[in-house]
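What the coordinates show
Listed below, chain by chain, are the residues.
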Amino acid sequence: MVLETKAFPLDEYLDISRSLELHASIFFKLWDMGRPIFSEEVSASAVLLDRENQLLNFAVNQEFWSNLSGYDKTFVIAHECMHVLLKHGTRRHPLTNKMVANVAMDIAINHLLVNSFGFSRALLSPDLEQKLCWVDTVFADQTEIPPDNKAFEYYYDLLQKLIEEPCDGQTNINGVSGNGKEALDDLSGLEEIEKWLNENQEAIGATKEDIQKLQKKNQGIQQQQSNQPQNAGKETHSGRSDES
């Protein structure tokens, strides 16, 4: 994808760098490996690979970005980093319904950032908080809300089941059950980024170790879930995140 881009303010870049490092050094490392750009070719945000310059593009829509608070902006960038760290491009590839997969990934990441990385949902601006995917908003019409600490595949399976067997009164917009919630970002470039990271491990430095820790933890979570009974989705909120 060739992007028509606009310059990003240096002072804002530095503010986000400091904020990201307060939450997790891995976010700062990925942010430092790339460059933020404004682009009208994305509706909200996306992380894309610039192979010519060998760096990541954190692309944001300027109108979307201008309506965010400083705290919102840090959350959005951390959200994009998590898609890369959790190899969501590779994990999404075999799934048939990419739109549902995107929503499921956003649910998992948003709760993970709150439960494990020091973000507060209450500190997000009301407009952004309402746009984001959460278990209590996507599954608002369900009798019981699913737990908020699962891997995205868990939410994908629940959403697919709702599409195939919709409950009375359950909204279904554009083929996605879950009150019409849509994913925040464009994930089309994730697989290419993951391949690039594997090809350039020296450039990644300490980031590789951090990525491997997250991947190992995620594999353990998926193994635990595969051993759980089918009705595990009827649990209540745990208040703690095991998702990675």
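For the structure given in this document, a descriptive report is provided here.

Basis of the calculations
- Residues numbered from 1 in each chain as written.
- Predicted model: local features only at pLDDT ≥ 70, side-chain atom pairs only at ≥ 80, totals over all residues.
- Heavy atoms only, no water.
- Helix = DSSP H or I, 4+ residues; strand = E, 2+ residues; numbered from the N terminus.
- Expected span 1.5 Å × (residues − 1).
- Buried < 20%, exposed > 50% of the residue type's maximum accessible area, 1.4 Å probe, protein only.
- Salt bridge = Lys/Arg side-chain N within 4 Å of Asp/Glu carboxyl O.
- Axes fitted to C-alpha atoms, helices over the stretch in contact; angles between N-to-C directions.
- Parallel < 35°, antiparallel > 145°, perpendicular 65-115°, else oblique.
- Left-handed = near helix turned anticlockwise from the far one by under 90°.
- Contact = heavy atoms within 4.5 Å.
- Nonpolar A, V, L, I, M, F, W, Y, C, P; charged D, E, K, R; others polar.
- Core = buried A, V, L, I, M, F, W, Y, C linked by side-chain atoms within 4.5 Å.
- Phe/Tyr/Trp six-rings, centres within 6.5 Å; stacked < 30°, edge-to-face > 60°.
- Lys NZ or Arg CZ within 6 Å of the ring centre and 35° of its normal.
- Pairing = 2+ DSSP bridges.

Thoughts on helix α9 (residues 152–164)
Between its terminal C-alpha atoms α9 stretches 18 Å, which fits the 18 Å expected from 13 residues at 1.5 Å a residue. Taken as a whole, α9 has its buried residues at Phe-152, Glu-153, Tyr-154, Tyr-155, Tyr-156, Leu-159, Gln-160 and Leu-162.

Points about the pattern of salt bridges
By the definition in use, this model includes seven salt bridges. Note that Glu-129 and Arg-121 form a salt bridge whose closest N and O atoms lie 2.5 Å from each other. Using a relative accessible area of 18% as the deciding quantity, one classes Glu-129 as buried. Relative accessible area serves as the criterion here: at 22%, Arg-121 is assigned to the partly exposed category.

Observations concerning the packing of helix α1 (residues 10–23) against helix α4 (residues 70–85)
Relative to each other, α1 and α4 sit at 65 degrees, their axes nearing to 9 Å. If you check the angle between α1 and α4, you find them roughly perpendicular. For α1 against α4, the interelement crossing comes out right-handed. In this structure, α1 contributes Glu-12, Ile-16, Ser-19, Leu-20 and His-23 to the contact, and α4 contributes Lys-73, Thr-74, Ile-77 and Ala-78. A breakdown of the residues in the contact of α1 with α4 according to their chemical character gives four nonpolar, three polar and two charged.

Brief notes about the nonpolar core
Formed by 42 residues in total, the largest nonpolar core has its most connected members in Phe-27, Leu-56, Trp-65, Ile-77, Met-82, Leu-113 and Phe-117. Mapped onto this core, the elements with two or more residues apiece are α1, α2 (25–33), β3 (45–50), β4 (55–60), α3 (62–66), α4, α6 (98–116) and α10 (190–199). Looking at this core, the element that brings in the most residues is α4, giving eight residues. Other than its neighbours up to four places away in sequence, Trp-65 contacts Phe-8, Glu-12, Ile-16, Phe-38, Val-60, Lys-73, Val-76 and Ile-77. Core analysis: the next-biggest nonpolar cluster, separate from the first, contains 18 residues, Leu-95, Ala-104, Met-105 and Phe-139 among them.

Section: the packing of aromatic side chains
What the rule picks out here adds up to 11 aromatic pairs. Seen from their ring centres, Phe-75 and Trp-134 are 6.5 Å apart, and the 40 degrees between their planes marks the pair as tilted. With Phe-75 in helix α4 and Trp-134 in the loop between α7 (126–131) and α8 (135–138), this pair connects stretches of sequence that are 59 residues apart. Of the two residues, Phe-75 and Trp-134, neither departs from the other in class, the shared state being buried. Each residue in the set Phe-8, Tyr-13, Trp-31, Phe-38, Phe-58 and Trp-65 is aromatic and connected to the rest through ring pairs, giving one cluster. Of note, Arg-121 hangs over the ring of Trp-134, and the distance from its end group to the ring centre comes to 4.2 Å. Positioned above the aromatic ring of Tyr-154 is the side chain of Lys-150, whose terminal nitrogen or guanidinium carbon lies 5.5 Å from the ring centre.

Some words on the packing of α4 against α6
It is the contact of α4 with α6, at a shortest axis distance of 10 Å, that shows an interaxial angle of 120 degrees. By the angle class used here, α4 and α6 are oblique. When you trace α4 past α6, the crossing you get is right-handed. Taking contact as the criterion, the partners of Phe-75, Ala-78, His-79, Met-82 and His-83 in α4 are, on α6, Met-105, Asp-106, Ile-109, Asn-110, Leu-112 and Leu-113. Looking at the contact of α4 with α6, its residues break down into seven nonpolar, three polar and one charged.

Section: the pairing of β4
Counting buried positions along β4 gives six out of six residues, so the element sits mostly inside the fold. One ladder, built from five bridges, connects strand β2 (residues 34–39) with β4; its direction is parallel. When the sheet's bridge partners are listed, Arg-35 is paired in β4 with Asn-57. Sheet topology places β3 next to β4; six bridges connect them, and they run antiparallel. Pairing of Val-47 across the sheet is with Phe-58, part of β4. Counting the residues that bridge the hairpin from β3 to β4 gives four residues, and of these Gln-54 lies at a positive phi of roughly 55 degrees.

Section: α4
Taking 1.5 Å per residue, 16 residues should reach 22 Å; α4 reaches 23 Å between its end C-alpha atoms and fits that length. Just downstream of α4 lies Lys-87, where phi reads positive at about 55 degrees.

Focus on the environment of Gln-62
Checked against the element boundaries, Gln-62 lands in helix α3. Overall, Gln-62 belongs to the partly exposed group, its relative accessible area being 30%. Through-space distance from the C-alpha of Gln-62 to that of Phe-8 is 9.6 Å; in sequence the pair is 54 residues apart. Contacts of Gln-62, omitting those with residues within four sequence positions, involve Lys-6, Phe-38 and Glu-40.

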